Structure formats: structure tokens, C-alpha cells
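Now for the letters of each chain:
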Amino acid sequence: MNGSRIAALGHYQPAKVLTNEDLAGLVDTSDEWIRSRVGIRTRHVAGPDEPVDELASHAAAKALAAAGLTPGDIDLVLVATSTAIDRSPNMAARVAARLGIPSPAAMDVNVVCAGFTHALATADHAVRAGAATRALVVGADKMTDVTDWTDRTTCVLVGDGAGAAVVEACGPGDEPGIGPVLWGSVPEMGHAVRIEGQPARFAQEGQSVYRWATTQLPAIARKACERSGVAPDELAGVVLHQANLRIIEPLAEKIGAVNAVVARDVTESGNTSAASIPLAFSKLVEKGALTTGDPVLLFGFGGNLSYAGQVVRCP
């Protein structure tokens, strides 16, 4: 096979918006405190009648429409999420049922904030190997379901949403549109970001994550560029996991992507975990900030202290 490419993107966010001022009425915080520490102004919050698979299906339907495809054209569905309440049916099967995809392989990928880039690599590998023709790859999380709304260190961070990509084989003679993945983890530091307990709650060691992300990840991200044969200063876009503006901006600078548009959707959407990269990427494309064929670094990191990144060509 000649490799795969992203044919189209789509995204979805719930209608309800929660501002910093709203949060100040719930916990001891303020708009200035939140902006100065994480850069977030607003976040979208799904209601009790909006489960993860519904968020995912809205984004996936938009990606399908943008690609000019029907549900019957898809034979692999991957949903990256860590906030599914039920264990079975999985989110991928539920998305397939909602969209009417007839008989796909359907799998969930739980790598938390790095879930989408892991799932994208898995779809690329499946298409390259001939195990799939066209894949629907979705990152969707409802982080507000696993949030302690009395904990000001975490409740100010999170939001809900979904982003999706259609992945298909490249044509004969075409250059691959999805570069080789560089992925890994730091298992001994898995405690730094957690969603644990009954009921499950999100918690993290913020300073540990910040130090790891700003000191260890730049070299890893540069290596992901190297694997794709793209120098950092050749990147047109950088879409990092939207965790914290104080992590995103230094990391993008240390990568050396001096000519790239850097996604800063965290300011509007908060940390949406596996949804954050496809959500931010889709918005940049929709706004015209990136054009077809542009090289873009996607780099997820966080939960499990896992990471995965690849350079893709903009659809």
C-alpha cells in the first residue's frame, strides 16, 4: 500500500457554555486566576442526555459529509475515549449503530489525552496493511462526567466535545498523508494523571505534568517530525493536546515550529482529553487557517503519561 491520508475532518461541541465567571460562583476562583494559570476562558458542557457516543456521532457525521462518503463506505470505526460509562457495547459500536455503518470492525482506544493520535496511527496501520479500506477515527470525551465540581484545581480545566477524521488509502503514486507515528509512555509516572474510583474522578499532579511536558516532550515531538522527513520550520501547523496554554506555547516554541499556526483552542474549549486534537485541527481547517496539503504536527500527551505524534497532510 502507498499509505493513507486524512480525507476530511469534523467536530462537535455541546451548546451550553460555562464561563470562568460561572465557575467563580461554584468554587473559590476567578477569571483572572484561571486565565493566568491555564489560559482558559470558556468550555462547553454536555447535558445528562448527551452521552459520549452522541458527541462522537455528531462529529463523525460531519466528517463523513465533508468527505462525500456514506456510512456504507466505512469498514473500521475507532473511538478514542476514556469517559465511557458502559463497558459494552463500546462507543465505536454505538457510533456505528447511530450512523448506520453496516458491518465495521469497531474498537475503542483508551489512551486518555493521547487517544486520538494513537487511534489515527492504528487506522493508518490498518489501511496500509489492507485490513481496512476507509476508517472513521473519532476522539470524544465528556470530561464533565468525571469531574469533582468542588475541586478548583481540576474543575476549571475540563470541557466536553468530539472531533473526527475519515482516513482512506492514498492513490497510486501519491505521497502518504499520515506520517510514521512516534509513540510511548512513562508507566512509572502513570499516577500523575488519573481517572479512578467509584464514581470515577479526574485528578492530576499538575506540576509533575507541566515539568514533563515542557522538558521531555519537545525532543520527542521533533523526532516525530524527523520520522516524517519534515523539519520543524517546514510545519504549517502544530496541533498539540489542548491541556494548558502555559504548556502549549512553550512546547511549540521548543519544537522549533517557527512558521506554524499553533492551535490554541484550549482558550475556548478547555481540556477535552481525546477530543482536543481533532477538535482543534478541524476548527483550524474550517476557519481557513490551514490549506490542503499543509504539513501539520499532531501530538497528543497526558493520561498514563503516554504520548503519540505524527505529521499529517491537511485535507
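To start, this report covers the structure provided alongside it. Owing to the predicted nature of the structure, the values given are computational and were not obtained by experimental measurement.

**Structural notes on the pairing of strand β14 (residues 306-313)**
Remember that side chains alternate between the two faces of the sheet whenever the strand is regular. In terms of burial, β14 is a largely internal element, seven of the eight residues being buried. Sheet analysis places strand β8 (residues 182-185) next to β14, joined by four bridges and oriented antiparallel. Considered in β14, the bridge of Trp183 is made with Ala308. The pairing of strand β13 (residues 295-301) with β14 spans seven bridges and is antiparallel. Pairing of Pro295 across the sheet is with Arg313, part of β14.

**What about the layout of surface pockets?**
Volume-wise, the largest pocket comes out at about 620 Å³. Contributing to the lining of the largest pocket are 26 residues, with Ser82, Thr83, Ala84, Ile195 and Ala200 lying nearest its centre. For the lining of the largest pocket, the elements supplying multiple residues, two or more each, are β5 (105-109) and β9 (193-196). When residues of the lining of the largest pocket are assigned to their parent elements, the largest contribution, three residues, is made by β9. Among the residues making up the lining of the largest pocket, the classes are represented as ten nonpolar, ten polar and six charged. Taken as a whole, the second largest pocket encloses approximately 500 Å³ of empty space. Along the walls of the second largest pocket sit 24 residues, with Val38, Leu157, Gln204, Gly206 and Asn244 positioned nearest its centre. Mapped onto the lining of the second largest pocket, the elements with two or more residues apiece are α2 (31-38), α6 (152-155), β10 (201-204), α7 (206-215) and α9 (245-255).

**Some remarks on the sheet that holds strand β7 (residues 160-169)**
In a beta sheet, neighbouring strands pair by backbone hydrogen bonds and run either parallel or antiparallel. Read across the sheet, five strands follow the order β1-β7-β6-β4-β5 without closing on themselves; strand pairing throughout is mixed. Whereas interior strands pair on both sides, the edge strands pair on one side only; in this sheet they are β1 (4-12) and β5. On average, adjacent strands in this sheet sit at an angle of 15° to one another, irrespective of strand direction. For strand β6 (residues 134-142) and β7, the ladder comprises nine bridges, and the chain directions are antiparallel. When the bridges of β7 are listed, Lys142 appears paired with Asp160. In this fold helix α3 (residues 52-67) packs onto β1, β6 and β7, with an angle of close to 130° to the strand it touches most, β1. Against the sheet, helix α4 (residues 91-99) makes contact with β4 (76-80), β5 and β6, and its axis sits at roughly 125° relative to β4, the strand it touches most.

**What to know about the sheet that holds β13**
If you trace the five strands from one edge of the open sheet to the other, you get β8-β14-β13-β11-β12, paired in mixed fashion. Strands at the two margins of the open sheet, each flanked by one partner only, are β8 and β12 (261-262). As paired elements, strand β11 (residues 237-240) and β13 share four bridges and run parallel to each other. Bridging across to β13, Gly237 finds its partner in Val296. Across the sheet, helix α8 (residues 217-228) lies against β8, β13 and β14, angled at about 140° from β13, the strand it touches most.

**A word on helix α11 (residues 276-287)**
Along its twelve residues, α11 runs 17 Å from first to last C-alpha, staying within 8% of the 16 Å computed at 1.5 Å per residue. α11 sits mainly inside the fold: nine of its twelve residues count as buried. The complete set of buried residues in α11 reads Ser276, Ile277, Pro278, Leu279, Ala280, Phe281, Ser282, Lys283 and Leu284. Positive backbone phi, at 80°, marks Gly288, one or two positions downstream of α11.

**Some remarks on helix α5 (residues 115-128)**
Given a rise of 1.5 Å per residue, 14 residues ought to cover 20 Å, and the 20 Å separating the end C-alpha atoms of α5 matches this to within 8%. Of all 14 residues in α5, eleven are buried, a share of seventy percent or more. Here α5 has its buried residues at Gly115, Phe116, Thr117, His118, Ala119, Leu120, Ala121, Ala123, Asp124, Ala126 and Val127. After α5 finishes, the residue Gly130 shows a positive phi value of roughly 85°.

**Thoughts on the environment of Ala96**
Positionally, Ala96 belongs in helix α4. Classification of Ala96 as buried rests on a relative accessible area of 6%. Remark: the alpha-carbon pair of Ala96 and Ala60, spanning 36 residues in sequence, is separated by 9.6 Å.

**As for the nonpolar core**
Judged by nonpolar contacts, the single largest core of 48 residues is most densely connected at Trp212, Leu217, Leu235, Leu240, Leu297, Phe299 and Phe301. Taken together, the elements giving at least two residues each to this core come down to α2, α7, α8, β11, α9, β13 and β14. Broken down by element, the residue count for this core peaks at six residues, all from α9. Among residues more than four places away in sequence, those in contact with Leu240 are Ile248, Leu251, Ala252, Ile255, Ile277, Phe299 and Phe301. Core analysis: the second largest hydrophobic core is formed by 33 residues, Val111, Ala135, Ala165 and Cys314 among them.

Quick notes on the rules
Residues numbered from 1 in each chain as written. Predicted model: local features only at pLDDT ≥ 70, side-chain atom pairs only at ≥ 80, totals over all residues. Heavy atoms only, no water. Buried < 20%, exposed > 50% of the residue type's maximum accessible area, 1.4 Å probe, protein only. Helix = DSSP H or I, 4+ residues; strand = E, 2+ residues; numbered from the N terminus. Pairing = 2+ DSSP bridges. 1 Å grid on protein atoms, 1.4 Å probe; cavity = no way out; pocket = protein on both sides within 12 Å on 5 of 7 lines; lining within 4 Å. Points joined across faces, edges and corners; volume = space filled by probe spheres on them. Nonpolar A, V, L, I, M, F, W, Y, C, P; charged D, E, K, R; others polar. Axes fitted to C-alpha atoms, helices over the stretch in contact; angles between N-to-C directions. Contact = heavy atoms within 4.5 Å. Expected span 1.5 Å × (residues − 1). Core = buried A, V, L, I, M, F, W, Y, C linked by side-chain atoms within 4.5 Å.

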